[in-house]
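Per-entry structural report
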Amino acid sequence: MLIKIKKASDVRESEVTDHGVYLNRRKFLKTAAFAGAGLAVAPSLVLPPHAQAATKLPGVMKSKYTVDEKLTPLKDVTSYNNFYEFGTGKGDPVKNAHKLKPRPWTVQIDGEVAKPKTVGIDDLINAHLLEERIYRFRCVEAWSMVIPWVGFPLAALLKMVEPTSKGKYVAFETLVDPEQMPGQVYNALDWPYREGLRIDEAMNPLTLMSIGLYGEQLPNQNGAPIRLVVPWKYGYKSIKSIVRITLVEKMPPTTWNLQSAKEYGFYSNVNPDRDHPRWSQRKERRIGEFLKRKTLPFNGYTEEVASLYAGMDLQKFH
Ligand SMILES: Nc1nc2c(c(=O)[nH]1)N[C@H]1C(S)=C(S)[C@@H](COP(=O)(O)O)O[C@H]1N2
Ligand SMILES: [Mo]
């Protein structure tokens, strides 16, 4: 069953008009954010008076990078989670993540870049056009969801800091603070949680920095205030609650690869032809469905990403 990715030409006129208004507003904010002193002068986003909820994100455009599939209910998206900083059980994050304080929050962007920055989360958000993208999300544990994320391409953030020619990989780190993340008292993983991408994977238009889902700010258990979403890779690549993004020359260490290199490679592309040493990856359970579905190569995003791996042995470089 192939998934239809909406082309720009499929977008209805009404959507274009509605979102055009928002687009102009975001453009204005973006221009203002970069005028003169740069991010420091970004105006904070003011909610329109008719906004229904304080957390409802304004100015979000529909994206052409969207799949046309039934959404996983919000309740499942926010109560069946992997976030080991709050415990190793699927129900632990929703119980424990209230301890996380997603504001104030800063993200340090450094390493092989011409313009390193440490930027407040709201300035970072205001500097970008926000899009809603419905992506499939496939956990390495053979379950999947369909989630309407809100965010902006990682490529846009990277352009802002200007990677140098030595910036061949991007490394990400989650917050370390056992007071806010009680699971960090235990050594279930080696903290901070770390992930990494090759620069061309990071620059691919599908690679999203997410700040919300279902039209609202990210719930803590889903990685507030900002997390990565890489829809053609297993879920663990999509690192949550990011505090640092570093451009590096060499392939960076990643948490799950350090834990067990045979089970979790650096690339971690969804691949039904490469079994996890302890279970098959041929099928998956879509949360909320009874029958299993076939897992698709690159999670169904072959057209967009297969060229990144041309000529590579995907069994070896798993
Ligand atoms: N910091 C951090 N990020 C993380 C994890 C984690 O334990 N810690 N778990 C990963 C795994 S295994 C998955 S499947 C997804 C789950 O994202 P969700 O709970 O929003 O569905 O988050 C990923 N990002
Ligand atoms: Mo996962």
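Now for a positive patch on the surface. A surface patch of like charges, here positive, comprises Lys-283, Arg-285, Lys-292 and Lys-294. Among the secondary structure elements, Lys-283 is positioned in strand E12 (residues 283-286).

Here 4 bridges tie strand E2 (residues 106-111) to strand E3 (residues 117-120), and the two strands are oriented antiparallel to one another. By the bridge assignment, Ile-109 is partnered in E3 with Lys-117. As consecutive antiparallel partners, E2 and E3 are separated by 5 residues.

Take the sheet that holds strand E6 (residues 169-174) next. Note on sheets: strands pair through backbone hydrogen bonds, and any given pair is parallel or antiparallel. Read across the open sheet, the 5 strands follow the order E3-E2-E11-E6-E7; overall the sheet is mixed. This sheet does not close on itself; its edge strands, each paired only once, are E3 and strand E7 (194-198). Put simply, the sheet's adjacent strands are angled 15° from each other on average, direction ignored. Sheet strands in contact with helix H5 (residues 154-161) are E2, E3, E6, E7 and strand E11 (242-248), and its direction is about 60° off that of E2.

Tallied over the full model, the rule gives 14 aromatic pairs. Each ring, one from Tyr-236 and one from Tyr-264, has its centre 5.3 Å from the other, and the planes form 80°; the classification is edge-to-face. Of the two residues, Tyr-236 sits in the loop between strand E10 (227-229) and E11 while Tyr-264 sits in the loop between helix H7 (255-259) and E12, which places them 28 residues apart along the sequence. By the burial criterion, Tyr-236 is buried, and Tyr-264 matches it. Taken together, the ring pairs connect Tyr-169, Phe-266, Tyr-267, Phe-298, Tyr-309 and Phe-317 into an aromatic cluster. In this arrangement the basic side chain of Lys-237 is found over the ring face of Phe-266, its NZ or CZ atom lying 4.4 Å from the centre.

A word on the site of ligand 1. Among the 16 residues in the neighbourhood of ligand 1, the closest are listed as Asn-81, Tyr-84, Glu-85, Ser-238 and Lys-240. Measuring from an oxygen atom of ligand 1, one finds a backbone N or O atom of Tyr-84 at 2.8 Å. Measuring from a nitrogen atom of ligand 1, one finds a side-chain N or O atom of Glu-85 at 2.8 Å. The protein chains hide 99% of the 530 Å² of surface that ligand 1 would expose on its own. Across the shell around ligand 1, the residue classes tally to 7 nonpolar, 6 polar and 3 charged.

The next subject is the confidence of the model for the protein chain. When pLDDT is low, close inspection of the predicted coordinates is not appropriate. This prediction gives the protein chain a mean pLDDT of 88; 83% of its residues lie at or above 70. Predicted confidence for residues 7-53 stays below pLDDT 50, and this span has 56 contacts to residues more than four positions away or in other chains.

In this fold, Ser-63 is placed in the loop between strand E1 (60-62) and helix H2 (74-79). Residue Ser-63 is classed as buried on the basis of its relative accessible area, which comes to 7%. Among the polar contacts made by the side chain of Ser-63, one reaches the side chain of Arg-133 at a distance of 3.4 Å. If sequence neighbours within four positions are ignored, Ser-63 has contacts with Glu-131, Glu-132 and Arg-133.

Glancing now at H5. With 6 of 8 residues buried, H5 is to be regarded as a mostly interior element. Of the residues making up H5, those classed as buried are Leu-154, Ala-155, Leu-157, Leu-158, Met-160 and Val-161. Among the residues trailing H5, Glu-162 stands out with phi positive, at a value near 55°.

With that settled, the discussion passes to the pattern of salt bridges. Enumeration according to the criterion identifies 19 salt bridges in this entry. One salt bridge in this structure joins Arg-293 and Glu-69, with 3.7 Å as the shortest N-O distance. In this pair, Arg-293 sits in strand E13 (residues 293-294) while Glu-69 sits in the loop between E1 and H2, placing the two residues 224 residues apart along the sequence. The class for Arg-293 is partly exposed, based on a relative accessible area of 21%.

Residue position: Thr-246 is located in strand E11. Of the polar contacts made by the side chain of Thr-246, one reaches the side chain of Asp-110; its length is 2.8 Å. Looking at Thr-246, its side chain comes within polar contact range of the side chain of Arg-244, at 3.3 Å. Those residues in contact with Thr-246 that lie beyond four places of it in its chain are Asp-110, Gly-111, Tyr-169, Val-170 and Ala-171.

Conventions used here
- What you see as residue numbers is a count from 1 along each chain, following the sequence as written.
- Written order decides the labels, with chains lettered from A and ligands numbered from 1.
- Totals for whole chains, interfaces and linings use every residue, but because this is a predicted model, local features are given only for residues with pLDDT of at least 70 and side-chain atom pairs only at 80 or more, for both listing and counting.
- Side-chain measures were taken over the full set of non-hydrogen atoms in the model, leaving aside hydrogen atoms and water.
- Patch building starts from residues that exceed 30% relative accessible area and form no salt bridge, then joins like charges within 9 Å and nonpolar side chains (Val, Leu, Ile, Met, Phe, Trp, Tyr) within 5 Å.
- Accessible surface is estimated by sampling points in the Shrake-Rupley manner with a 1.4 Å probe; for residues, cover comes only from the protein chains shown.
- Only one rule defines a salt bridge in this text: a Lys or Arg side-chain nitrogen within 4 Å of an Asp or Glu carboxyl oxygen.
- As used throughout, the charge tally considers Lys and Arg to be positive and Asp and Glu to be negative, leaving His and the chain termini uncounted.
- A single reference atom marks each charge: NZ on Lys, CZ on Arg, CG on Asp, CD on Glu.
- Labels follow the DSSP assignment, with helices taken as runs of H or I lasting at least four residues and strands as runs of E lasting at least two, numbered in each case from the N terminus.
- Any two strands with at least two DSSP bridges between them are considered paired.
- Between the N-to-C directions of two axes lies an angle of 0 to 180 degrees, each axis being a line fitted to C-alpha atoms and, for a helix, fitted only over the stretch in contact.
- Throughout, a residue-residue contact means that at least one pair of heavy atoms, one from each residue, lies within 4.5 Å.
- Here is the rule: rings of Phe, Tyr and Trp (six-membered ring for Trp) pair when centre to centre is within 6.5 Å. Planes less than 30 degrees apart are stacked, more than 60 are edge-to-face, and the remainder are tilted.
- Relative accessible area decides the class of each residue, using a 1.4 Å probe on protein chains only: under 20% of the type maximum gives buried, over 50% gives exposed, and in between gives partly exposed.
- Either the NZ atom of lysine or the CZ atom of arginine qualifies as a charge over a ring when it sits within 6 Å of the ring centre and within 35 degrees of the ring normal.
- Whether a residue is near a molecule or strand is decided by its heavy atoms; if any one of them lies within 4 Å of it, the residue is near.
- Polar contacts here mean pairs of N or O atoms no more than 3.5 Å apart (in protein, one a potential hydrogen donor and the other a potential acceptor; neighbouring residues in sequence count only if both atoms are side-chain atoms).
- Residues are sorted three ways: Asp, Glu, Lys and Arg are charged, Ala, Val, Leu, Ile, Met, Phe, Trp, Tyr, Cys and Pro are nonpolar, and all the rest, Gly among them, are polar.
- Within a predicted model, pLDDT stands for the predictor's per-residue confidence, ranging from 0 to 100.

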